[in-house]
Structures are given as structure tokens and as C-alpha cells.
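Residue strings, one per chain:
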Amino acid sequence: MRFLGSRVLRYTIIAIAAFLGAVALARAFPVRLPDIVMAPEPIAQISLFGLDCSVTNSLLTSWLAMLLLILLAIATTHRMKPVPDGLQNLMEALVEAIYGLVEDVSRHNAGKFFPIVATIFLFVLVSNWLGLLPFFGPLGVWHEVKSHSGEVERVLIPLFRSPSTDLNTTVGLALISVTMTQVFGVQALGVFGYFGRFLNLRGLGKLIGALFGRPPRLGLGGLFGLAFSAFLDLFVGLLELISELAKIISFSFRLFGNIFAGEVLLAVIAFLFPFLLSLPFLGLEVFVGFIQAFVFAILTLVFMAMATMGHGAEEHKG
Amino acid sequence: MEALGIDPNRLLSSVFNFTVLLILLWFFLYKPVLKMLEERKERIRQGLADAEAARQAARRAQEDYQRQMEQAHKDAQAIIALATQAAEKAREEILAQGREEARAIVAKAQEKIEYERRQAILELRGQVAELAILAASKVISRELDERAHRQLIQEFLAETASLN
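Computed from a predicted structure; not experimentally measured.

**Student:** Tell me about the overall build of chain A, and name the residues and values.
**Tutor:** In terms of regular secondary structure, chain A is built from 10 helices and 6 strands. Counting the 318 residues in chain A, one finds 37% classified as buried. Considering only contacts within chain A whose residues lie at least 6 apart along the sequence, 68% involve residues at least 24 apart. For chain A, the accessible area works out to roughly 18,200 Å², and carbon and sulfur atoms hold 73% of it.

**Student:** Which residues make up the pattern of salt bridges, and what values do they have?
**Tutor:** For the structure shown, the criterion picks out 14 salt bridges over all chains. A salt bridge links A:E92 to B:R40, with the shortest nitrogen-to-oxygen separation between them at 2.6 Å. With one member in each of two chains, A:E92 in helix 3 (residues 86-105) and B:R40 in helix 1 (residues 8-140) form a pair that bridges those chains. Using a relative accessible area of 3% as the deciding quantity, one classes A:E92 as buried. Given the relative accessible area of 18%, B:R40 is considered buried. Two residues, B:E52 and B:R55, come together in a salt bridge whose shortest N-O distance is 2.5 Å. Pair noted here: B:E52 and B:R55 are both in helix 1, with a separation of 3 residues, about one helical turn. For B:E52, a relative accessible area of 33% gives the class partly exposed. Of the residues examined, B:R55 reaches a relative accessible area of 52% and is grouped as exposed. Salt bridges sharing common partners tie together B:E114, B:R117 and B:R118.

**Student:** Provide a residue-level description of helix 7 (residues 202-212) of chain A, including the pertinent values.
**Tutor:** All names here are of chain A. Taken together, the buried positions of helix 7 are occupied by G203, L207 and A210. Along the long axis of helix 7, the arc covered by the buried residues comes to 65 degrees, so they all point the same way. Here the buried face of helix 7 lies against helix 8 (220-272).

**Student:** Could you give me a rundown of the environment of A:L245, with the residues and numbers involved?
**Tutor:** Residue and element names in this part refer to chain A. If you trace the backbone, L245 turns up in helix 8. Judged by its relative accessible area of 53%, L245 is exposed. Between the C-alpha atom of L245 and that of V178, which follows or precedes it by 67 residues, the distance is 8.3 Å.

**Student:** Account for the confidence of the model for chain A, with residues named and values stated.
**Tutor:** Residue and element names in this part refer to chain A. Of all residues in chain A, 90% attain a pLDDT of 70 or more, and the chain-wide mean is 84. Of all helices and strands in chain A, the one with the weakest mean pLDDT is helix 10 (residues 314-317) (43), whereas helix 4 (residues 110-130) scores best (94). Counting interchain partners and residues more than four positions distant, the pLDDT-below-50 stretch residues 313-318 has 5 contacts.

**Student:** Can you tell me about the interface of chain B and chain A, naming the residues and giving the values?
**Tutor:** Contacts between chain B and chain A engage 29 residues on the former and 44 residues on the latter. Counting each side, the surface lost to burial between chain B and chain A is near 3,100 Å², with a carbon and sulfur contribution of 76%. If you sort the residues of chain B by the area they bury against chain A, B:R10, B:F18 and B:Y30 come out on top, with a joint share of 20%. Here chain B is connected to chain A by 2 salt bridges. Summed over the shared surface of chain B and chain A, the number is 8 residue pairs in polar contact (both at pLDDT 80 or more). Class assignment for the residues of the side of chain B that touches chain A results in 20 nonpolar, 5 polar and 4 charged.

What counts and how
Residues numbered from 1 in each chain as written. Chains lettered and ligands numbered in written order. Predicted model: local features only at pLDDT ≥ 70, side-chain atom pairs only at ≥ 80, totals over all residues. Heavy atoms only, no water. Helix = DSSP H or I, 4+ residues; strand = E, 2+ residues; numbered from the N terminus. Buried < 20%, exposed > 50% of the residue type's maximum accessible area, 1.4 Å probe, protein only. Contact = heavy atoms within 4.5 Å. Areas by Shrake-Rupley, 256 points an atom, 1.4 Å probe, with all protein chains shown as cover. Salt bridge = Lys/Arg side-chain N within 4 Å of Asp/Glu carboxyl O. Arc of directions from axis to C-beta. pLDDT = per-residue confidence, 0-100. Buried area = accessible area lost by both parts, 1.4 Å probe. Polar contact = N/O pair within 3.5 Å; in protein donor to acceptor, adjacent residues only side chain to side chain. Nonpolar A, V, L, I, M, F, W, Y, C, P; charged D, E, K, R; others polar.

Take a look at the structure:
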């Protein structure tokens, strides 16, 4: 007990000393609260063929992420060995895990879904984690900007910014995900088979058949029922259409919101407790970054699988 | 849209970037790695199949060996039985033959003995007759005529033979 007591005491003293040290360090080196802006900041103005192609910090970072991934890929596969080791082992495990997941969800279309799902996962993961690197916030260029009141302010424009905190990237990814879902759906079910779910006219057809059929078999009540179900079919189709469009919004804002909020949280924590105490939050954001990449990829996979599977009664016909 | 920082050009660039990344990763990562995984899977399957085949072959060889051993054992047993039987038969034959020969020898010997005895008796008879004649002529000192004499001796011999 005495030994335990001394150990607890020792750890307590170390913890207090560390805390005091961190506070003292924070006093000595105060951290600035960065300006929080939703739009990515342009860092270079380039005019290409008369088009304004300003390079934003998030665009630069997505190039960095792409470069990183491609270099990693080349390093993995430029000389593959039948008995893997090191990097090849790691990447093989990663690719196999993603492929296995895609195969579990949709064995039939795994080859089609896999490249998109895997690329979304890898790109979003690298983007999210890049944003956590220490030089991402503070490394930048000071600009003088006129504020609303006319004063000249000095603003630090960071050189790098996680692509996930730029809506252009996340909306772009969401557009790709949703568009490819439609493409695969049409490939699997045909143009009418797939888009029939948005404009379901079968109820209407039945109603017309019953109205003009000879001899008229249904009474007024039956006709009314058919009209109601035709209306329901159309309404459900409308809902499907809306939900498809809403996917773009939910995909893009989920990723953007989580990562953007995470970085704001880190900035605020770094402002409040610059040393030591931001560590747990950093760990949390590593986790969030992984989860968001996973969620984006897995939702894309599931939506694609659902789009190719047919819808209700159509399955029996097709 | 402006406040959110969404810009059509920038949106297009992110879609384009993603497509480029996808194509590059397909050629540099997914395709080679999946191919390698497939090859390895195939190789392992092949290896397991080979091992299974080798095991089957070993078992078959073992069974063959066992069967051959059993067959050889059976054959040896049969040969031994056959040989024993032949030897037994030969022994029986030899014994029978020996017995037969012995019997023949004994019979021949008896025959010879009988013959000799008869011969001896005949010889003795002649000698005895002469002796008797001699003795009788000496005793009675008279010469009987040869015929009467012989008759006398024959009678005498017949008496002795019946005595014999």
C-alpha cells in the first residue's frame, strides 16, 4: 500500500507539474485564434486561357493529397513481390479490406463499385488527416484586407487547408457519388427500369385501363381506389427524387461539417490550452477523420448497391 | 453559395481531380494489388490442391504397399503349404516304396531259403540213400538187385519224410 501510495503521489506530482508547465508555456508563447472562414482562400491567381483559375489553399492541399496517394501507390506496386513485406503488406491489407467490404455488400458489382468507393475512402481519409498536420494552420501569408468598417486588417491566409473543409471538394465528391449511383442503376436496370422509380406511372396506367376497359368492371369505389394508388405512386416517385437530391447535400455537408468543426475545435482548444491539453482532441479528430472517410465511402457503396437491386415489384419483372 | 465558398470552376476542378486520382490509383494501386491478391489466392489454392494430391498419392502408395505385402505373405504361405504337402506326399511314396521293397526282399529271401532247403533235403536224401544202401549192403552183405534196392529205399525215405 505504501508503495502504491508513493506511486500515485509521484504520478500526481508529475501531472500537476506538466499542467503548470503547459500553462507557463502558454503564457510565454500565446497562440492566436485563427480567423475562421468557410470559403477557402485563394493563394495564387492564375489566368489560364482567359479563365480565372485561382488556386485556393484547399485545392493545393488536394493536389498534395493526390500526390501523396499516387506516390504511395507507385512505391507499393512498382516492384511487387509474391511474398509481401512492409509497405506492400500494409497496402495490400488495406485494398483487400476495402474490396472485401465491397464484395460483402454487392458481390455481383464489386468490380464496378470498388474503384470509386476505395478512391473516395483513401482521398477523404488523407484529406482529413492532412488537415491535422501541425503546419496546416499557421503556415501562410499575411494579407492586408479592408474590413467592413474600412479599417485595414492583417489576415493570415494559410497555405494549406484540408480539402474536406472546402465545400467545393465535398460537393464534388457527393456529385460523383450520386451521379455514379444513377449510372450504375441505369446499367443494372435499364433506363426505364431505373428511372421508373422516380416517375412511377404504373398506377396511372391501371387507372386508365380500368376507365376505358370494356366492359367496365369496377364501380366508382374501385375507380377511386385506383386513382388514389396512382397518386400515391407518383408521390412516392417524387419523394425518391427528392431523397436522391438530398443525398448530395447530406453527403457534402456531413463531411464538411464534421471536419470543419473538428478543425475549429482544435483551433479553439489550441487557443485556450496550447500545450498538452489539445492532445486528446487531436486524437479524437484522427478518429473522426477516419470515421467520416469510412461513412462517405460506405454510404456511397450502399446507395450504389440499392440502386442496382431494383425496386419492389420491378424485381419480379426484371 | 458565395458565402459558402462554392464556385462552379472550383467544383469542376475537384470532380476532375477526383477522376484523375481514380484513374491513376486504378492503374498504380488497385489493378496491380488486386491482381497480386488474385494470383496469390490462386497460388495458395494450387498449393493446397497439390498438397492434397500428394497426400492422396502417399496414401495410395501406402495402401498399395500394404496390399502387396499382404499378397506376398499369402503367396509365401501358399507356397509353404504346397511344399509341405508335396514333401508329405513324397515321404509317403518313399515309405510305401521302401516297405514294398522290403517286403519283396523278404519274400525273395524266403523263397531262396525255401529253395535251398529243398535242395538240401534232396541232396541229403540222395546221400542218405547211398549211405543206407552202403550200410545195408555191408550189413546184409548181399547185393540186392538195383530195382528192389531202390524201392526199398524209397519206402524208407517216404517213411522218414512223413516223419519230417
